[in-house]
Amino acid sequence: MSDDITYRHRYKAGNVGDVWKHAALTLLTEALPARPRRWLETHAGAGRYRLETTGEWTAGIGRVDAAGGDRPASIDRFQALASAWRQPDAGGRYPGSPLFLRPALGDADRLTLVELVEEPLAELRTLFADDAVVEVVAGDGYAELTARAGDVDFVFIDPPYLVREEWERVAQATIDATRAGACVALWYPIKALSRPNGLLARLREAGVPTLALDLITGDLAKKKKALAGSGMVITRPPAGLAGRLAEAAAWLGPVLAAGGEWSLRVQAWDA
Ligand SMILES: C[S@@+](CC[C@H](N)C(=O)[O-])C[C@H]1O[C@@H](n2cnc3c(N)ncnc32)[C@H](O)[C@@H]1O
């Protein structure tokens, strides 16, 4: 696991990938049916991140903040949450996925956050110390998901993708959890389309009902392996979600591309 230990999400917090991930996650939580639910995030991170004066966030949430014009309603909630946590009296930090998930939960819900690495784990424990709805678990997110198969309604999978095998692990975890009855959200980085395409082909072959939206705001042809965009897969997608996500992407695309080209690729299939 030494490859995972070198990963520190704080250097990426608020970047283009985080913006699409967290905007999509916020819309998804709004679209889920309202009933007591068991939620699990397999790779939770630290929960919130201090943004330095420079960093990848300037081309991500920084551009969203600076954008003029009317925002569609589908962006409002994401932006309100992202902005609220960065106010000085709320700690002045960019929120991680647990803080975008948490407002959607009721008192009867349970959110389990799994994190493997000590430093983000300690921060996560501090953040949710007084929250009876949230359980923070130390360990491997995939193992925890397997152990709770059939016992979770919603899963979010967001690993570091430091090794190629991660693409196979996310595919298998998504297939298994969906077959066990969960709605799964899975985020992936896009530097080239080959690995995302392979992942989506695996899900299609497995007969997992899927909605996938790839938002590309950078140059896919660049030799240097820079992040060109990211994708969100949602299995067992709630009704009406695709349209809301497409509306959000249509606003975010030109904002994040900052005058450059952008594109949205939507794919969907039933079992
Ligand atoms: C991309 S970050 C998560 C960011 C977070 N989901 C968010 O959006 O704010 C991936 C996290 O997974 C953790 N991690 C790496 N391998 C793991 C594993 N096998 N199980 C659980 N967590 C792991 C890393 O320490 C890191 O904090």
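Definitions and limits used
Residues numbered from 1 in each chain as written. Predicted model: local features only at pLDDT ≥ 70, side-chain atom pairs only at ≥ 80, totals over all residues. Pairing = 2+ DSSP bridges. Helix = DSSP H or I, 4+ residues; strand = E, 2+ residues; numbered from the N terminus. Axes fitted to C-alpha atoms, helices over the stretch in contact; angles between N-to-C directions. Parallel < 35°, antiparallel > 145°, perpendicular 65-115°, else oblique. Left-handed = near helix turned anticlockwise from the far one by under 90°. Contact = placed C-beta atoms within 7 Å. Nonpolar A, V, L, I, M, F, W, Y, C, P; charged D, E, K, R; others polar. Near = placed C-beta within 6 Å. pLDDT = per-residue confidence, 0-100. Buried ≥ 20, exposed ≤ 12 C-beta atoms within 10 Å, placed from the backbone. Core = buried A, V, L, I, M, F, W, Y, C linked by C-beta atoms within 7 Å. Expected span 1.5 Å × (residues − 1).

Colleague: I would appreciate a short explanation of the sheet that holds strand 5 (residues 134–138) in the present structure.
Modeller: Sheet architecture is open: eight strands sit in the order 5-4-1-6-7-9-8-10, paired in mixed fashion. Because the sheet does not close on itself, it has two edges, and the strands there are strand 5 and strand 10 (263–269). Averaged over neighbouring strand pairs, the angle between their axes works out to 15° when direction is ignored. Inspection of the sheet shows strand 4 (residues 110–115) paired to strand 5 by five bridges, in the parallel sense.

Colleague: Mind showing me how you'd approach the packing of helix 2 (residues 16–31) against helix 10 (residues 241–257) here?
Modeller: When two helices pack together, their arrangement is given by the angle between their axes and by how far apart the axes lie. Contact geometry of helix 2 with helix 10 gives a least axis separation of 10 Å together with a crossing angle of 155°. One way to sum up the angle between helix 2 and helix 10 is to call them roughly antiparallel. The element helix 2 and its partner helix 10 pack so that their crossing is right-handed. Judged by residue contacts, Val16, Val19, Trp20, Ala23, Ala24, Leu27, Leu28 and Ala31 of helix 2 engage Leu241, Arg244, Leu245, Ala248, Leu252 and Leu256 from helix 10. Partitioned by chemical class, the residues of the contact of helix 2 with helix 10 number 13 nonpolar, no polar and one charged.

Colleague: How should I be thinking about the site of the ligand in this particular structure?
Modeller: Around the ligand, 20 residues are found, and the nearest of them are His43, Gly45, Gly96, Ser97 and Val117. Considering only residue class, the shell around the ligand consists of eight nonpolar, seven polar and five charged.

Colleague: Even after reading the chapter, I still don't get the confidence of the model for the protein chain, so can you show me in this structure?
Modeller: As a note on interpretation, predicted positions should not be read in detail where pLDDT is low. In the predicted model, the protein chain carries a mean pLDDT of 93, and the fraction of residues at 70 or more is 97%. Predicted confidence for residues 1–5 stays below pLDDT 50, and this span has eight contacts to residues more than four positions away or in other chains.

Colleague: Mind showing me how you'd approach the environment of His22 here?
Modeller: The residue His22 is located in helix 2 in this model. As a C-alpha pair, His22 and Gly207 span 185 residues in sequence and 26 Å in three-dimensional space. Once residues within four sequence positions are removed from consideration, His22 is found in contact with Phe78, Ala82, Ser97 and Phe100.

Colleague: What am I meant to see in unusual backbone geometry here?
Modeller: In terms of backbone geometry, most residues other than glycine have negative phi values and most peptide bonds are trans. The phi angle at Tyr161 is positive, at roughly 55°, despite the residue not being glycine. Along the polypeptide, Tyr161 turns up in the loop between strand 6 (154–157) and helix 8 (165–179). A count of 16 C-beta atoms within 10 Å places Tyr161 in the partly exposed class. Here the phi dihedral of Ala258 falls at roughly 50°; this positive angle occurs in a residue that is not glycine.

Colleague: Before we go on, may I ask you to explain the nonpolar core in this structure?
Modeller: In a soluble, globular protein the nonpolar side chains are often hidden away together inside. Counting residues in hydrophobic clusters, the biggest one holds 75 residues, and the most contacted among them are Ala23, Val155 and Leu252. The element that contributes the greatest number of residues to this core is helix 2, accounting for eight residues.

Colleague: What should I look at first to understand helix 8 in this one?
Modeller: Quick reminder: α-helices carry 3.6 residues per turn. Residues three or four places apart thus point the same way. In this model helix 8 runs 21 Å from its N-terminal to its C-terminal C-alpha over 15 residues, within 8% of the 21 Å that 1.5 Å per residue would give. Residues of helix 8 that are buried: Val170, Ala171, Ala173, Thr174, Ala177 and Thr178. In this structure, the buried side of helix 8 is in contact with helix 7 (141–147), strand 6, strand 7 (183–190), helix 9 (194–205) and strand 9 (229–235).

Colleague: Would you mind going over the pairing of strand 4 with me for this structure?
Modeller: A regular strand places its side chains so that they alternate between the two faces of the sheet. Most of strand 4 sits inside the fold, with five of its six residues counted as buried. The pairing of strand 1 (residues 38–41) with strand 4 spans four bridges and is parallel. By the bridge assignment, Arg38 is partnered in strand 4 with Arg110.

Colleague: What should I look at first to understand helix 10 in this one?
Modeller: Relative to the 24 Å expected for 17 residues at 1.5 Å per residue, helix 10 spans 23 Å between its end C-alpha atoms, a close match to the ideal helical length. Within helix 10, burial applies to Leu245, Ala248, Ala249, Leu252, Val255, Leu256 and Ala257. On its buried side, helix 10 packs onto helix 2, helix 3 (61–66), helix 4 (73–84), strand 8 (210–216) and strand 10. Taken from the residues just after helix 10, Ala258 is the one with a positive phi, measuring 50°.

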